[in-house]
There are 2 protein chains.
Amino acid sequence: MITRMSEMFLRTLRDDPADAEVASHKLLVRAGYVRRTAPGIYTWLPLGLKVLRNIEKVVREEMEAIGAQEICLPALLPREPYEQSNRWDEYGDLLFKLKDRKGNDCLLGPTHEEMFTLLVKDMYNSYKDLPLVLFQIQTKYRDEERPRAGILRGREFIMKDSYSFDMADSGLDDAYDKHRRAYQKIFNRLGVNYAICKAMAGAMGGSRSEEFLAVSPAGEDTFVMSTDGQFAANAEAVVTEPGTPRPIEGQPEAEVRETPDCTTIEALVDWAGREDVTINGHKVTAADTLKCIVLKVTYPGEKKKTELVGVLVPGDREVDFKRLEAALEPAVAEMAEDKDFKAHDFLVKGYVGPDAFTKNGLKVYADPRVVDGTCWITGANKPGHHAVNMVCGRDFTPDGVIEAAEIKEGDTAPDGHGTLTLKRGIEIGHIFQLGRKYSEAMELKILDESGKLATPTMGSYGIGVSRLVGVIAEQTLDDKGLNWPVAVAPFTVHVVIANKDDAARQAAEELAADLSAAGLDVLLDDRPKVSPGVKFKDSELLGMPFVVVVGRGFADGTVELRRRGGEQSEIDYTAAVDTITAAVRKARS
Amino acid sequence: MITRMSEMFLRTLRDDPADAEVASHKLLVRAGYVRRTAPGIYTWLPLGLKVLRNIEKVVREEMEAIGAQEICLPALLPREPYEQSNRWDEYGDLLFKLKDRKGNDCLLGPTHEEMFTLLVKDMYNSYKDLPLVLFQIQTKYRDEERPRAGILRGREFIMKDSYSFDMADSGLDDAYDKHRRAYQKIFNRLGVNYAICKAMAGAMGGSRSEEFLAVSPAGEDTFVMSTDGQFAANAEAVVTEPGTPRPIEGQPEAEVRETPDCTTIEALVDWAGREDVTINGHKVTAADTLKCIVLKVTYPGEKKKTELVGVLVPGDREVDFKRLEAALEPAVAEMAEDKDFKAHDFLVKGYVGPDAFTKNGLKVYADPRVVDGTCWITGANKPGHHAVNMVCGRDFTPDGVIEAAEIKEGDTAPDGHGTLTLKRGIEIGHIFQLGRKYSEAMELKILDESGKLATPTMGSYGIGVSRLVGVIAEQTLDDKGLNWPVAVAPFTVHVVIANKDDAARQAAEELAADLSAAGLDVLLDDRPKVSPGVKFKDSELLGMPFVVVVGRGFADGTVELRRRGGEQSEIDYTAAVDTITAAVRKARS
């Protein structure tokens, strides 16, 4: 089918939308793919909807190829199942909640683990019914605090979510591996540059969890990749190599020193240099100091409890709050405020020591590098004073280990994969072994081979389908506009009439018709009163992979074939259909 | 592609769901097409989703054929546009309302006139951009007071809604006619038995509005059809032929008579017979009496006002509240209660006369048959008394005309189309000339040819896409189960293995593969431990149009081809693919 720009519901814009920070967001709005309706809520215009549908098609095909069956659950859901799983509360403000006319609590589904589990419980009861993988491509709702970057993080968005049900753990491993391979195929077909990152499995402990992150400076997620490219992980999932324990005996006594104006690590290191203080026989660096951070941690649940907790990290590293929160999950942490220090006068702001917590009944957790026998300069619990030679296991004893320190470029990668590089990415997929968390919560029981009721194990697998439109735009755009891969472009060929001659116009119309008859989606710029220059600019902005210009050369029997973002060439008009279909075929393979 | 029943997410049920009253609802649940998630909220299982997608495809194709362009708006919408159109209030409890984390009011879109109007306002500004027709196939929300009949009236449902924008009224007429024809094509392709009914245009007065009603006893809407089939209308839209005015002069004086125990029309007519009372020289029938009904009418708007109003209808007809409310819209009416009569002692319950209202400052509206000079027996505003020979225009004068009386089987059809028959139907489509109501409310202005700002005229056009799944099921099912038309069936051919012999099983597998290769959607009942009898029953319940049984006859080289709900025949196994594809082709044409 040919779509005519003279008729298409489209208005390209010269100016970037005021609220856009990210390039793909600017271009998708300027090129008329999407339009903002409310914060984080977008309307899909004809071009954007076509890209979205193309992505959905690829996702659907690969899901069906692994035997997943498509269903569709409602977005408007009753409260009870989410109450039963505890997520009605756990989701907090992220959940859109409402009441119906009868006063019943409802929610807009942020993800559907509960509902799929209940559905299987409702339909199936025998091990013979499993394994089972169900999926849907459906609209989801999350009331993000800071919706950003257009469709990259919206409050209404489209996800593919699937769920696997198996009796045995080995079955879950199979379903997980199948999804992993399907996701690789999907993202490869879509032309996305991505990394598969080990992710935190959260409360589930040992079960597998990986995120597919599209590599992009516009991403919100930091991940690390080893220099050999063999290891990638979310910053949250990186496990720090523990420090080497050392004998406590023979280490110098701890000593409190006056350290005027040393409220920063830098000042403290300077002071140590001036005073010739050494640690383990060497000159003090920031890595020899220990930051004692006081946090206010709130534990969820019925007896919602808030308490102060200490966290110890080497002075050369900041606390990474994302890592910290992942480590504490489901608890939530914030920095202690002045009033908290006032209420606990043993915590001297700026001079907190690692020994202040345990003595006073508070918990303190340490970075994995802080092991028995390591020696530090820390606060001395007294204004203007620090303690030198504070030895772990002698002068203070942490209650446990916490992954709270930031990962730094050049940190050692695990298992001999070299060192770590920091990258930014956008989460486009997540595969996750849920285990029996939801099947237990929803009381899903299935008769096993021996006729006993057993609880199946589950996996949950998501792809951000609408987000992918933004991700692909972001990874492919250039300074002229969008630049779609053939697999997702709204139109494969954009025929531009750039010659006022009737014969040329007629020839362009015929070429468009022939290309369409050859099975290509064709966009025809037939706008009568628009100059060639504007048409060319628009064709770059809109970003179809192939642009054919019927222009001046037509008098000599040629048209111009431009590969968006690539080479351009004069081709014979008479052979144009063959030349173009061959080029498209090549690009697709 | 072949789908195997041994693997499909399906569980057929023997028992009807407890909450189901309508046959299609029972069967769609029993056959595993849909499943209830909450009142009026359903999950689409694999079979149901396929039907839904098939219907969407037909709708999309015909919308694109009239040049409509597909976009997709969000379901979660901000309050302001609906405030501007006044529908935030007018929709009342039907609207799902919620607040986001920042306290902003939101709603779940029940229909999108406001949003489409704003979108066009945002994008377009010249008459050259019009005409324009936009459509979406999208999830809508209405908090129905009584969701019923499964997916026939749900609270979350899928609609195709489109909107036309034109500068001139003639353009709107074109868009309307195009939609009318497209809808006919759609419903014909889907095999729906429907009527196009004139509908109330509501506050818009003269503009055109028609409903497409699927004829079904399960329908909630009553409509009338003329005996010649040329006229159909919603009961609300039927205009009563006015009575013939008669000279007042020369009519007998009104006379108050004692009428003991005459609180019903029947008793009053009996009394008149016993007393030899005549009206216009003939024996009194119910049609000569006049019911004076007292209503409490509430007018919406800022100064929400409730007042008593009289409605006069001939005694042989009931008040049809749907017609009455359509006539009063946007006001809402209910019967006056005892306390209202007590508060207005001039209204004597059971004996209200038509003259009681005006005298006491209340409004009274009459049926179109009540014209000047018509003579009636009415209440006499005095317990146990009626007034005979009450002449309209002499003894009482209505303030206006109202269409409140029921339509009866056999009433005269308009314009010589015979008489009217009452039918029940389910609304599946609605085409509606909005005029400038929304473009004015949303201040959509477009530059016309003379360079002046003008307000475009709009049409709004809906199809109940998910409802159609239920409608088609309802119109085609029989006592054995569902019976899908080829155009929407989830699978065209259902191959049933009903022979334990390995060769037969193998042959069935090959036949299924060949049929699939021939382009047909094939469902294969390959369940190893299920008896042929159960498989046959399931095939009838599931309702695929063609069922092929590989059974006993296979030993003789034949298989059985059953047309669901029709003939069955033995066909040669070797020619089966040709025979079946030919039969399918014939059924499609």
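Computed from a prediction, not measured in an experiment: that's the story for all the values here.

Cut-off values and rules
Residues numbered from 1 in each chain as written. Chains lettered and ligands numbered in written order. Predicted model: local features only at pLDDT ≥ 70, side-chain atom pairs only at ≥ 80, totals over all residues. Heavy atoms only, no water. Helix = DSSP H or I, 4+ residues; strand = E, 2+ residues; numbered from the N terminus. Buried < 20%, exposed > 50% of the residue type's maximum accessible area, 1.4 Å probe, protein only. Contact = heavy atoms within 4.5 Å. Areas by Shrake-Rupley, 256 points an atom, 1.4 Å probe, with all protein chains shown as cover. Lys, Arg positive; Asp, Glu negative; His and termini not counted. Charge placed at Lys NZ, Arg CZ, Asp CG, Glu CD. Phe/Tyr/Trp six-rings, centres within 6.5 Å; stacked < 30°, edge-to-face > 60°. Lys NZ or Arg CZ within 6 Å of the ring centre and 35° of its normal. Pairing = 2+ DSSP bridges. Axes fitted to C-alpha atoms, helices over the stretch in contact; angles between N-to-C directions. Polar contact = N/O pair within 3.5 Å; in protein donor to acceptor, adjacent residues only side chain to side chain. Disulfide = S-S within 2.5 Å. Buried area = accessible area lost by both parts, 1.4 Å probe. Salt bridge = Lys/Arg side-chain N within 4 Å of Asp/Glu carboxyl O. Nonpolar A, V, L, I, M, F, W, Y, C, P; charged D, E, K, R; others polar. pLDDT = per-residue confidence, 0-100. Least-squares fit on C-alpha atoms with pLDDT ≥ 70 in both.

Asks: Looking at this structure, I do not really get the overall build of chain A. What am I missing?
Replies: The secondary structure content of chain A amounts to 15 helices and 32 strands. Taken along the three principal axes of its C-alpha coordinates, chain A extends 95 × 70 × 50 Å. Burial statistics for chain A: of 589 residues in total, 56% are counted as buried. In chain A, 69% of the contacts between residues at least 6 apart in sequence involve partners at least 24 apart. Here chain A has roughly 25300 Å² of accessible surface; of this, 47% comes from carbon and sulfur atoms. Taking the average location of the 75 positive side-chain charges in chain A and that of its 94 negative ones, the two points are 4 Å from each other.

Asks: For this particular structure, what's the right way to read the packing of aromatic side chains?
Replies: The relative placement of two aromatic rings is captured by the distance of their centres and the angle of their planes. Counted according to the given criterion, the structure contains 20 aromatic pairs over all chains. Seen from their ring centres, B:F187 and B:F212 are 5.5 Å apart, and the 45 degrees between their planes marks the pair as tilted. Of this pair, B:F187 sits in helix 6 (residues 169-189) while B:F212 sits in strand 11 (residues 209-215); the two residues are 25 residues apart in sequence, bridging distant segments of the chain. In this pair, the class of B:F187 matches that of B:F212, namely buried. Linked through ring pairs, A:Y183, A:F187, A:Y194 and A:F212 together constitute an aromatic cluster. The ring of B:F536 carries the charged tip of B:R562 above its face, separated from the ring centre by 4.4 Å.

Asks: I would appreciate a short explanation of the sheet that holds strand 14 (residues 255-258) of chain B in the present structure.
Replies: Backbone-to-backbone hydrogen bonds join strands into a sheet, with any given pair of strands oriented parallel or antiparallel. Residues and elements named next belong to chain B. In spatial order, the strands read 14-22-21; together these three strands make up an open sheet with antiparallel pairing. Each edge of the open sheet is held by one strand with a lone partner, namely strand 14 and strand 21 (375-379). Across this sheet, the average inter-strand angle for adjacent strands is 25 degrees, counted without regard to direction. Of the strand pairs in this sheet, strand 21 and strand 22 (residues 385-391) are connected by four bridges, and their pairing is antiparallel. For G379, the partnering residue across the bridge sits in strand 22 and is H386.

Asks: Mind showing me how you'd approach the side chain of A:H112 here?
Replies: Residue and element names in this part refer to chain A. Tracing the sequence through the fold places H112 in the loop between strand 7 (105-108) and helix 5 (113-123). Reaching out from H112, the side chain makes a polar contact with the side chain of K140 at a distance of 2.9 Å. The contacts of H112, once residues within four sequence positions are left out, are L73, P74, L77, Y82, Q136, Q138, K140, D161 and Y163.

Asks: How should the state of the cysteines be read in this particular structure?
Replies: Between two cysteines, a covalent bond joining their sulfur atoms is known as a disulfide. Scanning the entire structure with this criterion turns up zero disulfides over all chains. B:C375 supplies the cysteine sulfur nearest to B:C392, a cysteine that is in no disulfide, at a spacing of 11 Å.

Asks: Looking at this structure, I do not really get the sheet that holds strand 30 (residues 546-550) of chain A. What am I missing?
Replies: Residues and elements named next belong to chain A. The six strands are arranged 1-29-28-30-31-32 in an open sheet whose pairing can be described as mixed. With partners counted over all chains shown, the strands left at the sheet margins are strand 1 (2-4) and strand 32 (568-572), one partner each. Across the sheet, the mean angle from the axis of one strand to that of its neighbour is 25 degrees, orientation sign disregarded. Pairing analysis gives five bridges linking strand 28 (residues 493-497) to strand 30, with the strands arranged parallel.

Asks: For this particular structure, what's the right way to read the interface of chain B and chain A?
Replies: Buried accessible area, meaning the area lost when the parts come together, often serves as the stated size of an interface. Contacts between the two partners involve 52 residues from chain B and, on the opposite side, 51 residues from chain A. With both sides pooled, the region where chain B packs onto chain A buries about 4800 Å², and carbon together with sulfur makes up 59% of that total. The largest share of the area that chain B buries against chain A comes from B:F9, B:R101 and B:M123, three residues that together contribute 18% of it. For the pair chain B and chain A, the number of links is twelve salt bridges. Close ionic contact of B:R101 with A:E145 constitutes a salt bridge, the shortest N to O distance being 3.9 Å. Taken together, the elements giving at least two residues each to the side of chain B that touches chain A come down to strand 2 (34-38), strand 3 (41-44), helix 2 (46-65), strand 4 (69-70), strand 5 (76-78), strand 6 (96-99), helix 5 (113-123) and strand 8 (132-141) of chain B. A total of five residues in the side of chain B that touches chain A trace back to one element, the largest contributor, which is helix 5 of chain B. Here the side of chain B that touches chain A is built from residues that sort into 31 nonpolar, three polar and 18 charged.

Asks: Before we go on, may I ask you to explain the confidence of the model for chain A in this structure?
Replies: The share of residues in chain A with pLDDT of 70 or more is 99%, and the mean pLDDT across the chain is 93. Prediction confidence for the complex, expressed as pTM and ipTM, is 0.87 and 0.87 respectively.

Asks: Sorry, what's going on with the relation of the copies chain B and chain A here?
Replies: A rotation about an axis combined with a shift along that same axis relates the two copies of the chain. Note on the copies: chain B fits chain A at an RMSD of 0.2 Å, the axial shift is 0.2 Å, and the rotation between them is 180 degrees. These values place the two chain copies in the arrangement generated by a two-fold rotation axis. The position closest to the rotation axis in chain B is occupied by the C-alpha of B:L98, lying 2.6 Å away. The share of interface residues of chain B whose copies in chain A are also at the interface is 96%, consistent with both copies meeting through the same surface.

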